[in-house]
Amino acid sequence: MKKIVPLLSFFVLFLAAMACNGEPVALETTPDLSVEPTRNTFAWDRTAYGFFPSPPEATLESVLDHFETLEAHADFILVQPNIPWQDFVAEIDGDSQARTDLRNQILLARRNRLDWVFVVDPLNGLNRREFFGLPAGWESSFANPDIRSAFMNFTLWILQEFEPRYLGLASEINTYLDAYPEDAPHYLSLYADVYDRVKMDFPETQVFVTFQWDDLNNMFPPAAEGRPAYQTNWDQVEAFEPRLDLWVISSYPYFIFEDGGIPADYYTPLLSKTDKPLAVAEGGWTTAREGVVHGSEAGQVAYLEAVHDQLGERLSFWVYLILADLNMDSIRAGMDDLGRPSDDIDTLSLFASLGLITSEGKPKAALSLWDRFRTND
């Protein structure tokens, strides 16, 4: 699982940004925040439901249509940008394409009455065991003062620009900590510094880091380092206390269990381990069978039921990875244009059928269940 789980986190942001790079679409470079106000989602006393804003095809039309579809089935989008290191190493303010792209994504969300959750992502979406896009010559360590400065500045810029209610400071961090235990103290100290600064300037913001739940429970033998399955590495989570406002996980159990085979207590250990709010920052179940991966529409329904029945009352928000399946012919062409290796495209195909609707827009059985959960029907 070194590459499989993180790949979508990288790719969906690229797809959503396609509508906002260069000049293909007439969006303001600085959003007018009076346009199409959001629903004030997080003022509601219930779970908020959302997706990565990943369109089924790598086209401008698909991006814009997809945001309209999201409005009917979601309360918010999850925005997970990599850190533009060079743009933010020296200062918070300035002009850059990265700033414009994010502003335009939030403008698209506002126009479709969607709120947002942010996760600042320093790591490579293709492999959470390495940094993404570091300038040449930069040391790959959270001890690097340039990395620490850019991380802090980018986070503060996001807060000043978009004022998110929920803010993550890395995704699936336990996979990096497993790979580089010597760098763990440096990341923990950076997290503490950024958390304290956020609370000083934006005390109402709820701050977290996400943990890959299946890996945290040693469900992948190659990555378990001899630890038995279901032995949860709680120490990796507790190392962040008391600076976790909520405990947030990701989970893709279709890489582990047969359809409908998620144990009735797979997620419940979270309930007794903390009394803080919980959230799912990404996850899903495929409806296709690809090699050793087993999926079906019935399995997708069972996944939603497992998360809802085991954690539902405690969830502040729930992100299902993608609303629509990916049209891999279109996506493959887009990735080829970017020069992505064929292995990455093959890996992406393992996630292409996670959607609750097909790439042509046909609802799957799980969509109505998701909508019922969301509306409390």
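Before reading further, recall that the structure is shown in the block above.
Let me sum up the structure you'll find in this document. (Residues numbered from 1 in each chain as written. Predicted model: local features only at pLDDT ≥ 70, side-chain atom pairs only at ≥ 80, totals over all residues. Heavy atoms only, no water.)

This part takes up the overall build of the protein. For the protein, the count of helices and strands is 15 helices and 11 strands. Burial status across the protein gives 61% buried among its 377 residues. In the protein, once contacts between residues fewer than 6 apart in sequence are set aside, the share between residues at least 24 apart is 79%. Of the accessible surface of the protein, which amounts to about 14,400 Å², a share of 48% is contributed by carbon and sulfur atoms. (Helix = DSSP H or I, 4+ residues; strand = E, 2+ residues; numbered from the N terminus. Buried < 20%, exposed > 50% of the residue type's maximum accessible area, 1.4 Å probe, protein only. Contact = heavy atoms within 4.5 Å. Areas by Shrake-Rupley, 256 points an atom, 1.4 Å probe, with all protein chains shown as cover.)

Residues I173 and F317 are the most contacted members of the largest nonpolar core, which totals 117 residues. The element best represented in this core is helix α5 (residues 145-162), accounting for 10 residues. (Core = buried A, V, L, I, M, F, W, Y, C linked by side-chain atoms within 4.5 Å.)

The end-to-end C-alpha distance of helix α12 (residues 297-311), which contains 15 residues, comes to 21 Å, matching closely the 21 Å that a straight helix rising 1.5 Å per residue would cover. Those residues of α12 not exposed but buried are G299, Q300, V301, Y303, L304, A306, V307, Q310 and L311. Looking at the buried residues of α12, the elements they touch are β9 (247-251), α11 (269-273), β10 (278-283), β11 (315-320) and α15 (365-375). The N-cap residue of α12 is S296: its side-chain oxygen and the backbone nitrogen of A298 are 3.4 Å apart. (Expected span 1.5 Å × (residues − 1). Polar contact = N/O pair within 3.5 Å; in protein donor to acceptor, adjacent residues only side chain to side chain.)

Between α5 and helix α7 (residues 184-201), the shortest axis-to-axis distance is 11 Å and the interhelical angle comes to 30°. As summarised for this structure, α5 and α7 are arranged roughly parallel, according to the angle between their axes. Relative to α7, the crossing made by α5 is right-handed. On α7, the residues touching R148, F151, M152, T155, L156 and L159 of α5 are H186, S189, L190, D193, V194, R197, V198 and D201. The residue makeup of the contact of α5 with α7, split by class, is 7 nonpolar, 3 polar and 4 charged. (Axes fitted to C-alpha atoms, helices over the stretch in contact; angles between N-to-C directions. Parallel < 35°, antiparallel > 145°, perpendicular 65-115°, else oblique. Left-handed = near helix turned anticlockwise from the far one by under 90°. Nonpolar A, V, L, I, M, F, W, Y, C, P; charged D, E, K, R; others polar.)

A few words on unusual backbone geometry. Following E241, the chain continues to P242 via a peptide bond in cis, the omega torsion being 5°. Structurally, P242 can be placed in the loop between α10 (234-238) and β9. One non-glycine residue, E172, lies in the positive phi region at around 50°. Within the element layout of this structure, E172 appears in the loop between β6 (166-168) and α6 (173-179). Positive phi is not limited to glycine here, since Y230 has a value of about 75°. Examined against the element boundaries, Y230 turns out to sit in the loop between α9 (221-224) and α10. The partly exposed category is assigned to Y230, whose relative accessible area is 45%.

This paragraph deals with the packing of aromatic side chains. Counted under the stated rule, the structure contains 39 aromatic pairs. Aromatic side chains W234 and W247 sit 6.0 Å apart centroid to centroid with 35° between the ring planes, which places their arrangement in the tilted category. Taken together, the residues W234 in helix α10 and W247 in strand β9 connect sequence positions 13 residues apart. Judged by its relative accessible area of 15%, W234 is buried. Taking the relative accessible area as the measure of exposure, W247 reaches 4% and is therefore buried. For the ring pair F257 and Y266, a centre distance of 5.1 Å and an interplane angle of 85° mean the geometry is edge-to-face. In this structure, F257 and Y266 share a single accessibility class: buried. In this arrangement the basic side chain of R99 is found over the ring face of F88, its NZ or CZ atom lying 4.0 Å from the centre. (Phe/Tyr/Trp six-rings, centres within 6.5 Å; stacked < 30°, edge-to-face > 60°. Lys NZ or Arg CZ within 6 Å of the ring centre and 35° of its normal.)

As enumerated under the stated definition, the model contains 3 cavities of 30 Å³ or more in all. What the second largest cavity holds in volume is close to 40 Å³. Lining the second largest cavity are F211, W213, L216, W234, V237, W247, V248, I249 and L270. When residues of the lining of the second largest cavity are traced back to their parent elements, those giving at least two are α8 (213-216), α10 and β9. Examining the composition of the lining of the second largest cavity, we find that 3 residues originate from one element, β9, more than from any other. Of the residues in the lining of the second largest cavity, the class split is 9 nonpolar, no polar and no charged. (1 Å grid on protein atoms, 1.4 Å probe; cavity = no way out; pocket = protein on both sides within 12 Å on 5 of 7 lines; lining within 4 Å. Points joined across faces, edges and corners; volume = space filled by probe spheres on them.)

A word on the side chain of Q300. Position of Q300 among the secondary structure elements: in helix α12. For Q300, a relative accessible area of 0% puts it in the buried group. Engagement of the side chain of Q300 in a polar contact is seen with the side chain of Y320, the distance being 3.1 Å. Other than its neighbours up to four places away in sequence, Q300 contacts W285, T287, Y320, S353, L354, G355, L356, K364 and A366.

Right, let's talk about the environment of D101 for a bit. Locating D101 in the fold gives a position in helix α4 (residues 97-111). Considering only alpha carbons, one finds D101 and P81, 20 residues apart in sequence, at a separation of 9.9 Å.

Turning our eyes to something else, we now look at the packing of α4 against α5. Look at α4 against α5: their axes get within 12 Å of each other, and the N-to-C directions meet at 35°. Crossing of α4 over α5 shows right-handed handedness. Side by side, α4 and α5 meet where R99, L102, R103 and I106 of the first sit next to F154, W157, E161 and F162 of the second. Residues that form the contact of α4 with α5 fall into these classes: 5 nonpolar, no polar and 3 charged.

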